[in-house]
Amino acid sequence: MATVELTTANFDEVTGSDGIVLVDFWADWCGPCKRFAPVYERSSEKHPDIVFGKVDTEAQQELGAKFDIRSIPTIMAIRDGVIVFAQPGALPESALENLIEQVQALDMDDVRKQLADHKH
């Protein structure tokens, strides 16, 4: 599956469903973003069960502000509607694959319990 363009119109719908969604916050003027794009694209081909979204922070400034994106590229991992990872910086391919494995291995019942405990 190729990458999906995420906008304010479709972001909540795409990221709110069950499963894993990776989000790449990027901009056309960003050198590291352009170097990371082929790595992200290759990974999307390897994992058809994962949604690989891209947010153009220039065109979608509202989303960048909503998630307090201060540095790009920023990679965010969302599983079952819960943000489980967010970090600025382009990842090497091996690190991106490692991140995917870790997100796949999460016990989401435990994650939700930790979030609930944290809110109290």
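Draft legend 1. Structural detail: the overall build of the chain. When its secondary structure is counted, the chain shows five helices and five strands. Listing the helices and strands of the chain from first to last along the sequence gives β-α-β-α-β-α-β-β-α-α. What you see for the chain is a C-alpha radius of gyration of 14 Å, in line with the 14 Å of a compact globule of 120 residues. If one aligns the C-alpha atoms of the chain with their principal axes, the spans along those axes are about 40 × 30 × 20 Å. Of all intrachain contacts in the chain linking residues separated by at least 6 positions in sequence, the fraction that spans at least 24 positions is 75%. Element-wise, carbon and sulfur atoms account for 51% of the exposed surface of the chain, whose accessible area totals about 6700 Å².

Draft legend 2. Highlighting the pairing of strand β4 (residues 74-79). Counted residue by residue, β4 has six buried out of six residues, so it is predominantly covered. Every second residue of β4 is oriented toward a common face, with T74, M76 and I78 on one face and I75, A77 and R79 on the other, all of them buried. Sheet topology note: the strand β2 (residues 20-26)/β4 ladder contains six bridges and is antiparallel. Following the sheet pairing, V23 is matched in β4 by M76. Joining the antiparallel neighbours β4 and strand β5 (residues 82-88) is a turn of two residues, in which D80 adopts a positive phi near 50 degrees.

Draft legend 3. Quick look at the packing of aromatic side chains. For the structure shown, the criterion picks out four aromatic pairs. Ring geometry for F11 versus F67: centroids 5.1 Å apart, planes at 45 degrees, classification tilted. One end of the pair, F11, is in helix α1 (residues 11-15); the other, F67, is in the loop between α3 (61-66) and β4, and 56 residues separate them in sequence. We note that F11, like F67, is buried. With a centroid separation of 5.2 Å and an interplanar angle of 75 degrees, the aromatic rings of Y40 and F52 are classed as edge-to-face. Here F52 lies in strand β3 (residues 51-56) and Y40 lies in helix α2 (residues 31-46), a separation of 12 residues in the sequence. Both residues of the pair, Y40 and F52, count as buried. Linked through ring pairs, F11, F25 and F67 together constitute an aromatic cluster.

Draft legend 4. Inspection of the pattern of salt bridges at higher detail. All told, the structure shown has nine salt bridges when counted by the stated rule. The closest approach of N and O atoms between R42 and E93, which form a salt bridge, is 2.8 Å. Of this pair, R42 sits in helix α2 while E93 sits in helix α4 (residues 93-105), and the two are 51 residues apart along the sequence. Judged by relative accessible area, R42 falls into the partly exposed class, the value being 40%. For E93, a relative accessible area of 23% gives the class partly exposed. For the salt bridge of K113 with D117, the shortest nitrogen-to-oxygen distance reads 3.0 Å.

Cut-offs used in this document
- Residues numbered from 1 in each chain as written.
- Predicted model: local features only at pLDDT ≥ 70, side-chain atom pairs only at ≥ 80, totals over all residues.
- Heavy atoms only, no water.
- Helix = DSSP H or I, 4+ residues; strand = E, 2+ residues; numbered from the N terminus.
- Rg over C-alpha atoms; globule rule 2.2 N^0.38 Å.
- Contact = heavy atoms within 4.5 Å.
- Areas by Shrake-Rupley, 256 points an atom, 1.4 Å probe, with all protein chains shown as cover.
- Buried < 20%, exposed > 50% of the residue type's maximum accessible area, 1.4 Å probe, protein only.
- Pairing = 2+ DSSP bridges.
- Phe/Tyr/Trp six-rings, centres within 6.5 Å; stacked < 30°, edge-to-face > 60°.
- Salt bridge = Lys/Arg side-chain N within 4 Å of Asp/Glu carboxyl O.

None of this, on its own, says anything about what the molecule does.
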